[in-house]
Amino acid sequence: MSIRGVSIIMCTYNGIERLSSTLDSILQLNQGIPRELILVDNASTEDIQGFCQTYFSDSVSAIDFKLVNEEKAGLTHARIAGIRVASYEYLLFCDDDNALFSDYLELGVKVFDEIPEVGVIGGRGIARLDIDQPEWFLKYQHSYAVGAQRSQTGLIEDRPGHVYGAGSFFRIEPMLAILEAGFYPSLTGRTATSLLSGDDLEWCWLLQLQGYKIYYNDSLRFFHDLSATRLHKSYYIKLKAGTSAGGALLYAYRTFFEKRNLTETEFKARYSREYFKNRLRYLKNRIFKNADIWEQELAMAILKSRKQSFHRYTDESARLYQNLKKLFAV
């Protein structure tokens, strides 16, 4: 049985310029909930260890601290490295560009204590921008883990459902059970050279498949610092294309939620039909593309990435579906 408290897992790749603000917010969290900080250096070329030695030697507030190195690039690999050394019952994924409000831990633990079936909790990100807010930002802010995730606080009934990975709480025991069963998540998460994402959805769905519920608490607030380079339309197009790049793998999950007893042949038949639909959507939008409208370019990037995903991951998606059957003993 894990110890009651929160293991805060923060993963960074060359994040020295961002870390001080995030670490400051963690040290300023209200006392009362046992906590530790696990900082995972995900193949950085910067001297993260040296930065940490300086930062914590200068800090007047103590916190149990672990520095973990994970050379395999990808947010999923980094988070799992943190999970494996965590000491406490609950995990909190805090990105290296987040700043948590001081009551974050107590609000999250309160939900876990009051609703035992909750396995995942999400909060509300508040954007802090380097530049004036672009006119398109509010429409697409959810892609940046910003804004309310639901109209009100409460359980998320969607199956599959999810919350942002940034600022999310998880129970550690079901996550460890997944890993100890020999199952490894398929979505690697963002790296220095790729914005492939979907890892936050995958963990949420894995816990839902174990019978846990997802909860959104609008009182859980954190700042999300966004640099000017991330607020260009070209970056956003790349970001959304990265999300769609995992579409074929996420399709295996969506299918499993709907139909858990398909044979490999039956799954591949459904997959082929979905692949064909994606190709048609892409071709249709390509024919009617208006080059003067950036949102059309965005739509084309998403459709193209999703089409390529279904072409690339045919076998991997089929294996993932069959592995889910084994994992959940259908």
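Structure: see above.
Just so it is clear, the model here is predicted, and its values are computed rather than measured. (Residues numbered from 1 in each chain as written. Predicted model: local features only at pLDDT ≥ 70, side-chain atom pairs only at ≥ 80, totals over all residues. Heavy atoms only, no water.)

A.B. asks: Just checking my understanding: could you explain the pairing of strand β2 (residues 35-41) for this structure?
C.D. replies: Across a regular strand the side chains alternate sides, sitting on one face of the sheet and then on the other. Most of β2 is tucked away, with seven of its seven residues classed as buried. Side chains R35, L37, L39 and D41 project from β2 onto one buried face, and the interleaved E36, I38 and V40 project onto a second face that is buried too. Handedness of the strand β1 (residues 3-12)-helix α1 (residues 16-27)-β2 crossover: right-handed. Relative to strand β3 (residues 64-69), β2 is paired through six bridges, and the arrangement is parallel. Its bridge partner being in β3, V40 is matched across the sheet by V68. (Buried < 20%, exposed > 50% of the residue type's maximum accessible area, 1.4 Å probe, protein only. Helix = DSSP H or I, 4+ residues; strand = E, 2+ residues; numbered from the N terminus. Right-handed = clockwise from strand over helix to strand, strands pointing away. Pairing = 2+ DSSP bridges.)

A.B. asks: Please explain the environment of E274 as it appears in this structure.
C.D. replies: You can see E274 is positioned in helix α10 (residues 264-287). Remark: the alpha-carbon pair of E274 and K307, spanning 33 residues in sequence, is separated by 9.6 Å. Other than its neighbours up to four places away in sequence, E274 contacts Y251, R281, R306 and F310. (Contact = heavy atoms within 4.5 Å.)

A.B. asks: Would you mind showing me how to read the pattern of salt bridges here?
C.D. replies: Opposite charge on two side chains lets them pair, provided their charged atoms get close. According to the stated counting rule, one finds 16 salt bridges in the structure shown. Among the ionic pairs, R79 bridges to D199, the shortest N-O distance being 3.7 Å. Remark: D199 occurs in helix α7 (residues 199-209) and R79 occurs in helix α3 (residues 75-85); sequence separation between them is 120 residues. The class for R79 is buried, based on a relative accessible area of 5%. On the basis of relative accessible area, D199 is assigned to the buried category, the value being 5%. Taking the shortest distance from any N to any O, the salt bridge between D97 and R230 comes out at 2.8 Å. Of this pair, D97 sits in the loop between β4 (88-93) and β5 (98-100) while R230 sits in the loop between β9 (213-226) and α8 (233-244); the two residues are 133 residues apart in sequence, bridging distant segments of the chain. Considered together, D97 and R230 belong to a single accessibility category, that of buried residues. (Salt bridge = Lys/Arg side-chain N within 4 Å of Asp/Glu carboxyl O.)

A.B. asks: What's the story with unusual backbone geometry in this structure? I'm lost.
C.D. replies: When glycine is set aside, most residues are seen to have a negative phi, and most peptide bonds are trans. Cis geometry marks the peptide bond from R159 to P160, where omega comes out at 0 degrees. Take P160: it is sitting in the loop between β7 (154-156) and β8 (168-171). Phi at N14 is positive, roughly 50 degrees, even though this residue is not glycine. Considering the arrangement of structural elements, one finds N14 in the loop between β1 and α1. For A145, which is not glycine, the phi torsion reads 60 degrees and is therefore positive. In this fold, A145 is placed in the loop between α5 (137-140) and β7.

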